[in-house]
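One letter stands for each residue in the lines below.
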Amino acid sequence: MNHPQTLAVEMAKNFPELKNIKVIAESACAAFTFIWCLGIECSDIEAIRIVSDALDAKVIESDCTVTWYEFGKWLTGRDIDVVHVPIKDILDIRERTPVFYKYKGKPHCVGVEKGKVKFNSVEKSEILERGLPVEKRVIKIMGIKK
């Protein structure tokens, strides 16, 4: 998976009749990042399909807000615990972690690993470039030891 949200933007322009594509193009950064954090290897188009299916299954809200427990259980079949943790930087983040940046009040979620942004669902993000990290999600999959 490279930049599935960027692909979704193009698809929304060219195929607006596709179910769920507009909301995915506008708002699916956290869903794509969660997929990446769980280590699910897939193409951009497969990631878009996963998010669309999750919307249809109502394990992601209709505006693409991730319901972490429900979406995680749907993806993995296991119970998920997610803790929201305020942060000021990403330097101490070692494992794949969703991190929310904010700029001018707007959020964008990216994947961080080993103190660096390693996954961004869009090719270019002003929020990431100009904003600051404000919160991370600590994900624990029940029954799996790290």
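I will try to describe carefully the structure that is included in this document.

Here is what the cut-offs are and how they apply
Residues numbered from 1 in each chain as written. Predicted model: local features only at pLDDT ≥ 70, side-chain atom pairs only at ≥ 80, totals over all residues. Heavy atoms only, no water. Phe/Tyr/Trp six-rings, centres within 6.5 Å; stacked < 30°, edge-to-face > 60°. Helix = DSSP H or I, 4+ residues; strand = E, 2+ residues; numbered from the N terminus. Buried < 20%, exposed > 50% of the residue type's maximum accessible area, 1.4 Å probe, protein only. Lys NZ or Arg CZ within 6 Å of the ring centre and 35° of its normal. Pairing = 2+ DSSP bridges. Axes fitted to C-alpha atoms, helices over the stretch in contact; angles between N-to-C directions. Parallel < 35°, antiparallel > 145°, perpendicular 65-115°, else oblique. Contact = heavy atoms within 4.5 Å. Nonpolar A, V, L, I, M, F, W, Y, C, P; charged D, E, K, R; others polar. Left-handed = near helix turned anticlockwise from the far one by under 90°. Expected span 1.5 Å × (residues − 1).

### Things to note about the packing of aromatic side chains
Logical step 1: In the structure shown here, the tally under the stated rule is 5 aromatic pairs.
Logical step 2: Ring centres 6.4 Å apart and planes at 80° place the aromatic pair tryptophan 68 and phenylalanine 100 in the edge-to-face group. Highlighted residues: tryptophan 68 in helix α5 (residues 68-76) and phenylalanine 100 in strand β2 (residues 97-103), separated in sequence by 32 residues. Phenylalanine 100 shares its class with tryptophan 68; the two are buried.
Logical step 3: Among the aromatic residues, those joined into a cluster by ring pairs are Phe34, Trp68, Phe71, Trp74 and Phe100.
Logical step 4: The aromatic ring of tryptophan 36 is capped on one face by arginine 96, whose charged end is 4.2 Å from the ring centroid.

### Description of the sheet that holds strand β3 (residues 106-113)
The pairing of strands in a sheet happens through backbone hydrogen bonds and is either parallel or antiparallel.
Logical step 1: Here 5 strands make up an open sheet; going across it, the order is β1-β5-β2-β3-β4 and the pairing antiparallel. This sheet does not close on itself; its edge strands, each paired only once, are β1 (80-86) and β4 (116-119). For this sheet, the mean inter-axis angle between neighbouring strands, taken without regard to orientation, is 40°.
Logical step 2: Of the pairings in the sheet, the one linking β2 to β3 comprises 7 bridges and is antiparallel in character. Bridged to tyrosine 101 within β3 is histidine 108.

### Considering the packing of helix α1 (residues 4-14) against helix α4 (residues 44-56)
Angle between the axes and distance between the axes: these two values describe a pair of packed helices.
Logical step 1: Orientation of α1 relative to α4, taken along the N-to-C sense of each, is 80°, at an axis distance of 9 Å. Accordingly, the angle class assigned to the pair α1 and α4 is roughly perpendicular. Judged by residue contacts, Pro4, Leu7, Ala8 and Met11 of α1 engage Asp44, Ile45, Ala47 and Ile48 from α4.
Logical step 2: Tallied by class, the residues present in the contact of α1 with α4 amount to 7 nonpolar, no polar and 1 charged.

### Observations regarding the packing of helix α3 (residues 29-37) against α5
Logical step 1: Contact pair α3 / α5: the axes reach a minimum separation of 11 Å and the direction vectors enclose 45°. Classified by the interaxial angle, the pair formed by α3 and α5 is oblique. Classified by chirality, the crossing of α5 by α3 is right-handed. Across the interface between the two elements, Ala30, Ala31, Phe34 and Ile35 of α3 pack against Trp68, Phe71, Gly72 and Leu75 of α5.
Logical step 2: Of the residues that constitute the contact of α3 with α5, the class distribution is 7 nonpolar, 1 polar and no charged.

### Some details on α4
Logical step 1: Here α4 is 13 residues long and its end C-alpha atoms lie 18 Å apart, about the 18 Å a rise of 1.5 Å per residue gives.
Logical step 2: Burial in α4 covers these residues: Asp44, Ala47, Ile48, Ile50, Val51, Ser52, Ala54 and Leu55.
Logical step 3: Looking at the buried positions of α4, the neighbouring elements they touch are α1, α2 (21-27), α3 and α5.
Logical step 4: Lysine 58 occupies a position one or two residues after α4 and carries a positive phi of about 65°.

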